[in-house]
Amino acid sequence: GAGVSQSPSNKVTEKGKDVELRCDPISGHTALYWYRQSLGQGLEFLIYFQGNSAPDKSGLPSDRFSAERTGGSVSTLTIQRTQQEDSAVYLCASSPSPGLAFGEQYFGPGTRLTVT
Amino acid sequence: DQQVKQNSPSLSVQEGRISILNCDYTNSMFDYFLWYKKYPAEGPTFLISISSIKDKNEDGRFTVFLNKSAKHLSLHIVPSQPGDSAVYFCAAIRIQGAQKLVFGQGTRLTINP
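Some words on the sheet that holds strand E1 (residues 5-7) of chain A
All names here are of chain A.
For step 1, the next point in the chain: As summarised here, the arrangement of the four strands in space is E1-E3-E7-E6, forming an open sheet in which the pairing is antiparallel. Every interior strand has two partners, whereas the edge strands, E1 and strand E6 (65-69), have only one. Shown here is a sheet whose adjacent strand axes are inclined to one another by a mean of 15°, direction ignored.
For step 2, the next point in the chain: As judged from the five bridges shared by strand E3 (residues 19-24) and strand E7 (residues 75-79), these two strands associate in the antiparallel manner. If you follow Cys23 over to E7, its bridge partner there is Ser75.

Right, dumping it as structure tokens:
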């Protein structure tokens, strides 16, 4: 079946511009996560959506970052007024209902964002 | 505050030998520990996990060992194969709340023929 997909695969933007990154999770997965991987670093949690519950935004690094998930499926991560330190690979992951296979998340290929 | 640490950025092993990847953590509240494998230009894929109440979990060529007193876990791959060459991430999770994965920095494993 189809895995998690993300678009675009690469995005180059000028400092100060806004960007939108898209994630299509696996159909039927209720949990959706955004992580980012900066150069030489591990993956860093950003935000978590679970069903219709309020998202856990505790990992967002600043108020320039926001995300939404429409209809319990597709998610968009928006970065406003991009800065060079936002350059990273942004990864989306989904998983089935919590309580099953703790920690087994299915990742998309990521979007590589470069801010010039 | 790096709660999960992989102190070896790279490891090179001969094909057929054992690969041992190490990971240390600081938060004793983690409930599960996992290993993910990542190839270039792909997202990480789940490899194996272990509950905090266990000390060993085995799946084919892969075995994860957990030493809670030392807050240390390791992944053993035996025998190592060329297709095992990838970046390996150690991760930990608490089952309360968001169940977000806390990742180490990764170790690049290279299997030499």
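Some details on the pattern of salt bridges
For step 1, the next point in the chain: One pass over the full model with this rule turns up five salt bridges over all chains.
For step 2, the next point in the chain: For Arg22(A), the salt bridge goes to Asp24(A), with nearest N and O atoms at 2.8 Å.
For step 3, the next point in the chain: With relative accessibility at 37%, the residue Arg22(A) sits in the partly exposed group.
For step 4, the next point in the chain: Residue Asp24(A) is classed as partly exposed on the basis of its relative accessible area, which comes to 24%.
For step 5, the next point in the chain: With a closest N to O distance of 4.0 Å, Glu58(B) and Lys56(B) form a salt bridge.

Quick look at the nonpolar core
The nonpolar side chains of soluble globular proteins are, as a tendency, buried together.
For step 1, the next point in the chain: Val4(B), Phe33(B), Trp35(B), Leu73(B), Leu75(B) and Tyr88(B) are the most contacted members of the largest nonpolar core, which has 24 residues in total.
For step 2, the next point in the chain: For this core, the elements supplying multiple residues, two or more each, are strand E3 (19-25), strand E4 (32-38), strand E5 (45-51), strand E7 (62-67), strand E8 (72-77), strand E9 (86-93) and strand E11 (107-112) of chain B.
For step 3, the next point in the chain: Among the elements that take part in this core, E9(B) stands out by supplying four residues, more than any other.
For step 4, the next point in the chain: Other than its neighbours up to four places away in sequence, Leu75(B) contacts Ser19(B), Ile20(B), Leu21(B), Trp35(B), Leu47(B), Ile48(B), Phe62(B), Thr63(B) and Tyr88(B).
For step 5, the next point in the chain: Formed by 20 residues, the second largest nonpolar core is a distinct cluster that contains Phe49(A), Phe65(A), Ala67(A) and Tyr90(A).

A word on the pairing of E3(B)
On a regular strand, one side chain projects to one face of the sheet and the next to the other, so that they alternate.
Residue and element names in this part refer to chain B.
For step 1, the next point in the chain: Across the two faces of E3 the burial differs, with Ser19, Leu21, Cys23 and Tyr25 buried and Ile20, Asn22 and Asp24 not buried at all.
For step 2, the next point in the chain: In this sheet, E8 lies alongside E3 in antiparallel orientation, the contact comprising six bridges. In the strand pairing of E8, Asp24 is matched with His72.

Here's the deal with the side chain of Ser74(B)
All names here are of chain B.
For step 1, the next point in the chain: Structurally, Ser74 is set in strand E8.
For step 2, the next point in the chain: A relative accessible area of 8% places Ser74 in the buried class.
For step 3, the next point in the chain: Engagement of the side chain of Ser74 in a polar contact is seen with the side chain of His76, the distance being 3.4 Å.
For step 4, the next point in the chain: Among all residues touching Ser74, those that are not within four sequence positions of it are Ile20, Leu21, Asn22, Trp35, Thr63, Val64 and Phe65.

Topic: the state of the cysteines
For step 1, the next point in the chain: The full count for this structure, using the stated rule, is two disulfides over all chains.
For step 2, the next point in the chain: One disulfide in the model links Cys23(A) with Cys92(A); its S-S distance is 1.8 Å. Across the S-S bond linking Cys23(A) and Cys92(A), the dihedral sits near -60°, which makes this disulfide left-handed. A residue pair is termed long-range when its members are at least 10 positions apart, and Cys23(A) in strand E3 and Cys92(A) in strand E8 (residues 88-95) qualify at 69 residues.
For step 3, the next point in the chain: The disulfide partner of Cys23(B) is Cys90(B), and the S-S distance across this bridge is 2.0 Å. Given an S-S torsion of about -75°, the disulfide between Cys23(B) and Cys90(B) has left-handed geometry.

Each value, and the rule that gives it
- Residues numbered from 1 in each chain as written.
- Chains lettered and ligands numbered in written order.
- Predicted model: local features only at pLDDT ≥ 70, side-chain atom pairs only at ≥ 80, totals over all residues.
- Heavy atoms only, no water.
- Pairing = 2+ DSSP bridges.
- Helix = DSSP H or I, 4+ residues; strand = E, 2+ residues; numbered from the N terminus.
- Axes fitted to C-alpha atoms, helices over the stretch in contact; angles between N-to-C directions.
- Salt bridge = Lys/Arg side-chain N within 4 Å of Asp/Glu carboxyl O.
- Buried < 20%, exposed > 50% of the residue type's maximum accessible area, 1.4 Å probe, protein only.
- Core = buried A, V, L, I, M, F, W, Y, C linked by side-chain atoms within 4.5 Å.
- Contact = heavy atoms within 4.5 Å.
- Polar contact = N/O pair within 3.5 Å; in protein donor to acceptor, adjacent residues only side chain to side chain.
- Disulfide = S-S within 2.5 Å.

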